[in-house]
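Each chain, written out:
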Amino acid sequence: MDINKLIELDSIAKESVKKYTKFRNLFYKLTNSKGKHFVGIVGPRGVGKTILLKQLANYYKNSFYISVDTIDDDLFEIIKKLNETLKIKIFFLDEVHTYKNFDKELKMLYDVFETRNIKIFLTSSTALGMYKSKYDLSRRLLLKTLYPFSFMEYINFKYDKKIDNISSKDIYNKEIPVKYLQYSQYFYSYLKGDLMPFALQEPDVLPLLKNILETVINKDIPKIEPITVDETEIIKKLVRFIALSDVDGINYTSISNNLKITKYKAEQYLSLLERAFIVYRVFPKGTNVLKEPKILMALPYRLIYKDFTECIGALREDFFISTFWALNKKIFYLKSTTGKKTADYILEDNEDIAIEIGGKSKGRSQFKGLSLNKKIILADSIDNNTKDKKPLFSIGFISQE
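Below you will find a few notes about this structure. (Residues numbered from 1 in each chain as written. Predicted model: local features only at pLDDT ≥ 70, side-chain atom pairs only at ≥ 80, totals over all residues. Heavy atoms only, no water.)

Quick word on the sheet that holds strand S13 (residues 389–391)
The sheet built from six strands is open, its strands ordered S7-S9-S10-S11-S12-S13 with mixed pairing. Each edge of the sheet is formed by a strand with only one pairing partner; in this case those strands are strand S7 (284–285) and S13. Direction of pairing for strand S9 (residues 330–334) relative to strand S10 (residues 345–349): antiparallel, over a ladder of four bridges. In the strand pairing of S10, Phe332 is matched with Ile346. On the sheet, helix H15 (residues 312–326) packs against S9, S10, strand S11 (351–358) and strand S12 (374–379) and is oriented at approximately 150° with respect to S11. (Pairing = 2+ DSSP bridges. Helix = DSSP H or I, 4+ residues; strand = E, 2+ residues; numbered from the N terminus. Contact = heavy atoms within 4.5 Å. Axes fitted to C-alpha atoms, helices over the stretch in contact; angles between N-to-C directions.)

Focus: the environment of Leu259
Note that Leu259 resides in helix H13 (residues 252–259). With 24 residues separating them in the primary sequence, Leu259 and Ile235 have C-alpha atoms 9.7 Å apart. Among residues more than four places away in sequence, those in contact with Leu259 are Ile234, Lys237 and Leu238.

Some points on the packing of H13 against helix H14 (residues 263–275)
Here H13 crosses H14 at 110°, and the two axes come no closer than 8 Å. It follows from the interaxial angle that H13 and H14 lie roughly perpendicular. Note on element contacts: H14 touches H13 through Lys263, Ala266, Glu267 and Leu270, opposite Tyr252, Thr253, Ile255 and Ser256. Tallied by class, residues from the contact of H13 with H14 come to four nonpolar, two polar and two charged. (Parallel < 35°, antiparallel > 145°, perpendicular 65-115°, else oblique. Nonpolar A, V, L, I, M, F, W, Y, C, P; charged D, E, K, R; others polar.)

As for the sheet that holds strand S3 (residues 90–94)
A sheet is described by the order of its strands in space; here five strands give the open sequence S2-S3-S4-S1-S5, paired in parallel fashion. Strands with a single pairing partner mark the edges of an open sheet, and in this sheet they are strand S2 (63–67) and strand S5 (141–145). Ignoring which end each strand starts from, the neighbouring axes of this sheet average 15° apart. Pairing geometry for strand S1 (residues 38–42) and S5, over five bridges, is parallel. Opposite Val42, over in S5, you have Thr145 as the bridge partner. Against the sheet, helix H4 (residues 75–86) engages S2, S3 and strand S4 (119–124), with an angle of about 150° to S3.

Below you can see the structure in the form of structure tokens.
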């Protein structure tokens with residue numbers, strides 16, 4: 001164990017982020033958090049977890065940053081020695097999923113160091129291990145998710161324009177203030193991949209995103225779930241099938257039929273992809289409906305397989321789901337008892353709200369027969385700004401709780 005080398009790497013890591021003068025919303029939430037629990041930051045690859053962790057390490061005094069994938073020695077012993085020799089109280093552990101039996105190690109660290117008031121922040125590019133841990137981490141580890149930029153964050157980071165939040169209540173009940181409509185010009189760039197923080201430096205995000213997807217399927221998932229090489233190839237075909245298909249009709253049954261796998265396997269693979277932040281499963285709400293989810297994709301993975309103009313409709317729904325997922329809102333898709341199409345989604349937010357998503361010409365015909373008091377169309381145009389018809393991009397300004 002070369003402590004001097006670790007000290008040098010800690011200094012380099014903290015110095016390297018001083019050039020980043022802006023902070024994600026999660027940074028402020030974490031610096032205001034209290035309690036003895038350890039904090040786990042999970043999120044997609046490329047979303048900026050390492051930069052966030054280094055910024056936190058700079059913010060806190062008496063802290064130490066360790067990139068876990070660079071150490072071969074016993075992690076417990078390293079932290080113990082740094083605490084005893086340098087009196088370090090706060091540790092920042094990056095990419096902990098690369099460490100063998102990290103969940104067991106975390107439990108031991110917490111149990112031993114809790115009385116010493118030591119706190120640990122950690123990151124992982126996959127939430128898989130956190131959820132599947134055989135050790136009880138629930139009372140020891142507070143999980144926080146770092147998502148790609150919200151539309152509002154993107155405009156702030158890319159164009160240095162600070163925008164006031166809009167409450168969800170105002171979105172549902174009032175016209176959007178005119179000052180927000182100017183930001184529609186940035187919406188398609190956002191959908192095309194600029195929501196990923198690395199797009200601030202890399203103008204062509206799709207090759208990088210393709211590499212990320214390969215890493216998730218080939219490395220991250222097999223580290224957590226014992227799947228075969230043949231199964232990783234099936235998962236690749238599954239992602240491609242979802243991306244190339246229309247949004248409606250993609251569920252366990254259609255995947256099973258097209259990929260010649262069981263519905264059980266379809267569910268298993270989709271669960272893994274969801275926990276790796278590649279897809280979203282949205283379940284139906286209603287009586288006597290087939291309880292299979294509708295499958296959406298995280299932005300902008302669909303564009304690896306299909307041109308923007310060919311999948312703009314699906315990207316609109318991906319944006320809608322991604323936005324409210326990050327806001328921790330419950331979303332269901334609607335389906336009538338006969339299977340006939342109705343409004344796209346129900347959003348649970350104090351009251352049930354029926355939401356239809358589409359282009360400029362989208363109308364209210366899908367709401368026919370719905371008894372809900374609140375019905376909103378989110379249309380991809382600034383021409384739609386009435387009490388019950390709003391520009392789709394406006395939900396990107398809703399404040400996070």
